[in-house]
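Here are the chains, one letter per residue:
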Amino acid sequence: MRAAVATRFDVDNPLAGLEVRDLETPPTPGWARVHVRAASFNHHDIWTLRGLSGHRVDPPLVLGTDAAGVTDDGQEVIVHAVVAPGLLLSERAPGTLADRVFAPAENLIPKPAELSFAEAACLPTSYLTAFNMLFGKARLIPGEHVLIQGAGGGVSTAAVLLATAAGLEVTVTSRDEERLRRARELGAHHAIVTGQQLSDRVDAVLETVGAATWAHSLRSVRPGGRIVVAGATTGFDPSAELPHLFLRDVDVLGTFMGSPEQLGLLANMLATTGVRPLIDSVRPLDDITEAAERMVAGKAFGKLVVEIS
Ligand SMILES: NC(=O)c1ccc[n+]([C@@H]2O[C@H](COP(=O)([O-])OP(=O)(O)OC[C@H]3O[C@@H](n4cnc5c(N)ncnc54)[C@H](OP(=O)(O)O)[C@@H]3O)[C@@H](O)[C@H]2O)c1
């Protein structure tokens, strides 16, 4: 099969070990084969290439946690990437950035006909995480106000689209004027420069940026509010500033992806509302290094999709 492979890990230069090559991997007994039509690239793939995926994995390995495709018996499916508690495809078994992937049958979610394969391939990681952060962990309801840190990331753009579709008030932050403009176009009600003080504190904060925005998240949430943390692109160890939590009764919730049931609900939400994932760009698998470069340079706005013919 043809696949995007991490041939070695390099913490400072993650792209050094990224190659598209032919290789054979044995099928996992009992898992279903999916002929991948589209996959998408995530920051998780960069962490893997840096050797920081969070699990002991050895190169070479097939990257990728997002895919949509067709099973041997012709069903169009979306692949849910969590194959064991806390473990994703690419960590436990070959990943999705390949022309075929194996996954447990219970991880295969019917793809709504309304979604293209490219759109469906955006859902299992960024969109599912955003869905779970908003509605699972933060338990936000229409009319509440959410702050989404970092305008352009895959999770953040997903969160803006899903939150506005669900009737939430949305504030988004970015270091970049152009990204703020695009976030407003996506539906954000307020778009402010990273770190700028809010006029009113929010009910919940979605935090994926990490060290660069953590202090702002703590100061922006209302007493009794929630901060949901899914990632820390800019660093894992900001000062905890504990008094902000206990003096104002703030809940901090960590989150890891979401369930297959939530992935089904998310797919149905998109099919029925007409909301579609924001795609930065679509490329053939052989050009995946360009997608990885866009992510490392922080240039992507939305999902980086790979189509596999
Ligand atoms: N827990 C889970 O289940 C889960 C699932 C998916 C992703 N994640 C994690 O979530 C994180 C986000 O991933 P992603 O792919 O959505 O996006 P990403 O490409 O990592 O970018 C996130 C945002 O970070 C902001 N940013 C980057 N450097 C910054 C800096 N120095 N100061 C302030 N802001 C900065 C950028 O905002 P601007 O450029 O607009 O300022 C960008 O929009 C990753 O760490 C990923 O591993 C976790």
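Note that the structure is a prediction, hence the values are computed from the model and not measured.

Caption draft 1: Region of the structure containing the overall build of the chain. The helix and strand inventory of the chain stands at nine helices and 18 strands. Its C-alpha radius of gyration of 19 Å places the chain within 12% of the 19 Å reference for a compact globule of 309 residues. When the backbone C-alpha atoms are referred to their principal axes, the chain occupies close to 55 × 45 × 35 Å. The buried share of the chain, reckoned over its 309 residues, is 56%. Sequence-distant contacts in the chain: of pairs separated by 6 or more residues, those separated by 24 or more amount to 70%. In the structure as shown, the chain presents an accessible area of about 12,700 Å², 52% of it carried by carbon and sulfur atoms.

Caption draft 2: Spotlight on unusual backbone geometry. Across the junction of P59 and P60, the peptide omega takes the value 0°, indicating a cis bond. Structurally, the position occupied by P60 is in the loop between helix 1 (43-50) and strand 4 (61-62). Not every positive phi belongs to a glycine, and R139 is a case in point at roughly 50°. Turning to its location among the elements, R139 is positioned in the loop between helix 3 (123-137) and strand 11 (145-148). On the accessibility criterion, R139 (48% relative accessible area) is partly exposed. One non-glycine residue, D249, lies in the positive phi region at around 60°. Looking at the element boundaries, D249 is found in the loop between helix 7 (242-246) and strand 16 (251-254).

Caption draft 3: Just the site of the ligand, in detail. As a structural note, the neighbourhood of the ligand is formed by 24 residues, with H43, S174, R175, A230 and M257 the closest of them. One nitrogen or oxygen atom from the side chain of S174 is found 2.7 Å from an oxygen atom belonging to the ligand. Here an oxygen atom of the ligand and a side-chain polar atom of R175 are 2.7 Å apart. Coverage of the ligand by the protein amounts to 85% of the 920 Å² it exposes when considered alone. For the shell around the ligand, the elements supplying multiple residues, two or more each, are helix 1, helix 3 and helix 4 (154-165).

Caption draft 4: Representation of helix 5 (residues 177-186). Listed in full, the buried residues belonging to helix 5 are R179, L180, A183 and L186. With its buried residues spanning 115° around the axis, helix 5 presents them on a single face. What points out from helix 5, more than 90 degrees from its buried face, is the exposed set E177 and E185. The inward-facing, buried residues of helix 5 abut helix 4, strand 12 (169-174) and strand 13 (190-193). Just past helix 5, the residue G187 takes up positive phi, approximately 130°.

Caption draft 5: Representation of the pairing of strand 11 within the structure. Residues of strand 11 alternate between two faces, with H145 and L147 on one and V146 and I148 on the opposite face, all of them buried. For strand 11 and strand 12, the ladder comprises four bridges, and the chain directions are parallel. The partner of L147 across the bridge, within strand 12, is T171. Read as a crossover between parallel neighbours, the route from strand 11 over helix 4 to strand 12 is right-handed.

Caption draft 6: Geometry of the sheet that holds strand 2 (residues 18-22). Spatially, three strands are ordered 2-1-4 in an open sheet, and the strand pairing comes out antiparallel. Whereas interior strands pair on both sides, the edge strands pair on one side only; in this sheet they are strand 2 and strand 4. Where strand 1 (residues 2-6) meets strand 4, two bridges bridge the pair, whose relative direction is antiparallel. Bridge assignment links V5 to a residue of strand 4, and that residue is V62.

Each value, and the rule that gives it
Residues numbered from 1 in each chain as written. Predicted model: local features only at pLDDT ≥ 70, side-chain atom pairs only at ≥ 80, totals over all residues. Heavy atoms only, no water. Helix = DSSP H or I, 4+ residues; strand = E, 2+ residues; numbered from the N terminus. Rg over C-alpha atoms; globule rule 2.2 N^0.38 Å. Buried < 20%, exposed > 50% of the residue type's maximum accessible area, 1.4 Å probe, protein only. Contact = heavy atoms within 4.5 Å. Areas by Shrake-Rupley, 256 points an atom, 1.4 Å probe, with all protein chains shown as cover. Near = heavy atom within 4 Å. Polar contact = N/O pair within 3.5 Å; in protein donor to acceptor, adjacent residues only side chain to side chain. Arc of directions from axis to C-beta. Pairing = 2+ DSSP bridges. Right-handed = clockwise from strand over helix to strand, strands pointing away.

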